[in-house]
Amino acid sequence: MDRLRRETRQQHQSIERTVPLLKDDLTRPAYCAYLGQLLGFHRPLEPLLHLYLGDLPAFDLPARCKRSLLEHDLAHLGQPPEAIAVLPSCTALPPLFDAAHALGCLYVLEGSTLGGQILSRKVATRLGLHPGTGASYLSAYGAGTGEMWRRFCAALIAHAGQHRGEDRIVQAAQDTFAALEAWLKVPAGRLQ
């Protein structure tokens, strides 16, 4: 875990500058656009994660997938289902070829969920949104966020130790940060 943090630190800091939720002038349309972009990243990526990690119960992948939370938030914020369905999906995904690659990718997504705790407070203050009222994605695990993170880290460490996949995990985390940051810089799909 120390190596993952160390070798992705610069990318993590760089992507934080891309996230509009950290800006003081956050608006509801900017928030919707951001959720739409995240949906466009998760929608094609989650089936790949299931392909490589779905049979590994230690990762509890069904509980960690966020597509439905993003769709729920967008619907709550007034986006019609047909608009959500046609939002663009990322085609430049990080390359995932095995469980180690999928774990590196999931490390980034789970870290984002951990950071969502801070972002959810900002969205609540600035936009008045809470879990169930447009901010479910940011509060995905609620009070269980810390425990979900600890369980993920323990399972990742155990898997890396058993399968000697540390280099692939780190590379996939770096690739995921790069792909996500590039995707977030693409103009968002049209939402009303």
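Parameters at a glance
Residues numbered from 1 in each chain as written. Predicted model: local features only at pLDDT ≥ 70, side-chain atom pairs only at ≥ 80, totals over all residues. Heavy atoms only, no water. Axes fitted to C-alpha atoms, helices over the stretch in contact; angles between N-to-C directions. Helix = DSSP H or I, 4+ residues; strand = E, 2+ residues; numbered from the N terminus. Parallel < 35°, antiparallel > 145°, perpendicular 65-115°, else oblique. Left-handed = near helix turned anticlockwise from the far one by under 90°. Contact = heavy atoms within 4.5 Å. Nonpolar A, V, L, I, M, F, W, Y, C, P; charged D, E, K, R; others polar. 1 Å grid on protein atoms, 1.4 Å probe; cavity = no way out; pocket = protein on both sides within 12 Å on 5 of 7 lines; lining within 4 Å. Points joined across faces, edges and corners; volume = space filled by probe spheres on them.

## Quick look at the packing of helix α6 (residues 99–127) against helix α8 (residues 166–184)
Link 1 in the chain: Close contact between α6 and α8 brings their axes to 7 Å; oriented N to C, the two are set at 50°. Taken together, α6 and α8 sit at an angle that is classed as oblique. Remark: the crossing between α6 and α8 carries right-handed chirality. For the pair formed by α6 and α8, the contact residues are A100, H101, L103, G104, C105, Y107 and V108 on the first element and R168, I169, A172, A173, T176 and F177 on the second.
Link 2 in the chain: Tallied by class, residues from the contact of α6 with α8 come to nine nonpolar, three polar and one charged.

## Looking at empty space enclosed by the protein
A water-sized probe, rolled over the atoms, reveals where empty space remains.
Link 1 in the chain: Applying the stated criterion across every chain, the model contains three cavities of 30 Å³ or more.
Link 2 in the chain: Considered as a void within the structure, the second largest cavity measures approximately 50 Å³ in volume.
Link 3 in the chain: Lining the second largest cavity, in full, are H42, E46, L49, L61, R64, C65, K66, L106, L109 and E110.
Link 4 in the chain: Those elements giving two or more residues to the lining of the second largest cavity turn out to be α2 (28–53), α3 (61–64) and α6.
Link 5 in the chain: Counted by class, the lining of the second largest cavity contains five nonpolar, one polar and four charged residues.

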